[in-house]
Amino acid sequence: MPVRVVEGSAPLQLSGQDASRGRALPPYTLLCVGRAFAGTQNVSSLQKDEAWRVNVRIQGCDLDNGYLCGTMEALNVPLADTPVVTFWEGEFIDVRNYTFYTGKWEATPDDDIRHWSKFPSFSPLLSQVEADGGKSLDLSSYPFVFMRWKEQYFVNVGIDCGLTIAGFYYVCFSCSDGSITGFYYDPNSSPFQKLELKATNERLAGFTFSSYQLQ
């Protein structure tokens, strides 16, 4: 949720196996409903250096359809009197439901490659993605999970708050330490605004956003 441009904790512990079934856990299970993350988003521009404190919580997940959703709270936004909360929906890059090519939100294939390439973990996949969008890749045991997050609406402020949710995030989740890195894409905002989050100790309890009702 960057400023609109006007022209002119403890890590996740990976068990590795589902003890009841004796099989390896897919990395997506680490992004379960209730999982909380905290960190910062760098929204610096040529005029000033600025970073917001950010909290994220996973609110829903549908692996069969490559879908997840959640809330994002920015705590020290200069233009807002209160923390700004947005609701976002996400896409797992599972190469079945969604590939690395976005195909919407004003993102071209070149934009996709440029942003995914910001993640070192994407480098081994680059050639195959350039060939077919990554459709022939098997990411089921890859130690990183790639996603897109698109903010859908403001939960507690109006659209005239001075911020924009027109863009979306390219996101990479590390299965080894539970960290999330993202880069925001919006042609009308400062490029490559970086989101950096760490998993918190809290999961289904003990970590709450300000009291807002999702509409």
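Structure first, text after, so check above.
As the structure is a prediction and not an experimental result, all values here were calculated from the model.

Participant: Quick one: what's the story with the overall build of the protein, residue by residue and with numbers?
Facilitator: Looking only at helices and strands, the protein has 2 helices and 10 strands in total. The burial tally for the protein puts 48% of its 215 residues in the buried class. Roughly 10800 Å² of accessible area belongs to the protein as shown, and the carbon and sulfur atoms make up 50% of that amount.

Participant: Quick one: what's the story with unusual backbone geometry, residue by residue and with numbers?
Facilitator: Apart from glycine, the bulk of residues carry a negative phi angle, and the bulk of peptide bonds sit in the trans form. Phi at W105 is positive, roughly 55°, even though this residue is not glycine. Here W105 lies in the loop between β6 (84-92) and α1 (109-116). Of note, E106 is a non-glycine position whose phi angle comes to about 65°, a positive value. The residue E106 is located in the loop between β6 and α1 in this model.

Participant: Which residues make up the nonpolar core, and what values go with them?
Facilitator: By size, the foremost hydrophobic cluster in this structure holds 30 residues, and its most contacted members are F37, V56, M72, M147, W149, F173 and L197. Elements with a contribution of two residues or more to this core: β4 (51-62), β5 (67-74), β6, β7 (144-154), β8 (168-174), β9 (180-185) and β10 (193-199). F119, L125, Y142 and Y185 belong to the second-largest nonpolar core, a separate cluster that totals 19 residues.

Participant: Tell me about the environment of F183, residues and numbers included.
Facilitator: Looking at the secondary structure, you find F183 in strand β9. Exposure remark for F183: the relative accessible area of 7% places this residue in the buried category. Remark: the alpha-carbon pair of F183 and H115, spanning 68 residues in sequence, is separated by 7.0 Å. F183 has contacts with H115, K118, F119, F168, Y169, Y170, F192, Q193 and K194, leaving out every residue within four places of it along the chain.

Participant: Before we move on, could you go through the packing of aromatic side chains and cite the residues and values that matter?
Facilitator: Scanning the model with the defined rule gives 19 aromatic pairs in all. Centre to centre, the rings of Y142 and F144 are 6.1 Å apart; their planes meet at 55°, and the pair counts as tilted. The class of Y142 is buried, set by a relative accessible area of 17%. Looking at F144, the relative accessible area reads 26%, which means it is partly exposed.

Participant: Describe the pattern of salt bridges, with residues and values.
Facilitator: Tallied over the full model, the rule gives 5 salt bridges. With its nearest N and O atoms 2.5 Å apart, the salt bridge here joins E91 to K104. Residue E91 is found in strand β6, and its partner K104 is found in the loop between β6 and α1; the two are separated by 13 residues along the sequence. Look at E91 and you get buried, because its relative accessible area is 6%.

Participant: Break down the pairing of β9 for me, with residues and values.
Facilitator: The buried fraction of β9 amounts to 5 of the 6 residues, a majority that puts the element mostly inside the structure. Connecting β8 to the next strand, β9, in antiparallel fashion are 5 residues, including G178 with a positive phi near 75°. Here β9 runs beside β10; their pairing, made up of 5 bridges, is antiparallel. Bridge assignment links G182 to a residue of β10, and that residue is L195.

Reading the values: rules and limits
- Residues numbered from 1 in each chain as written.
- Predicted model: local features only at pLDDT ≥ 70, side-chain atom pairs only at ≥ 80, totals over all residues.
- Heavy atoms only, no water.
- Helix = DSSP H or I, 4+ residues; strand = E, 2+ residues; numbered from the N terminus.
- Buried < 20%, exposed > 50% of the residue type's maximum accessible area, 1.4 Å probe, protein only.
- Areas by Shrake-Rupley, 256 points an atom, 1.4 Å probe, with all protein chains shown as cover.
- Core = buried A, V, L, I, M, F, W, Y, C linked by side-chain atoms within 4.5 Å.
- Contact = heavy atoms within 4.5 Å.
- Phe/Tyr/Trp six-rings, centres within 6.5 Å; stacked < 30°, edge-to-face > 60°.
- Salt bridge = Lys/Arg side-chain N within 4 Å of Asp/Glu carboxyl O.
- Pairing = 2+ DSSP bridges.

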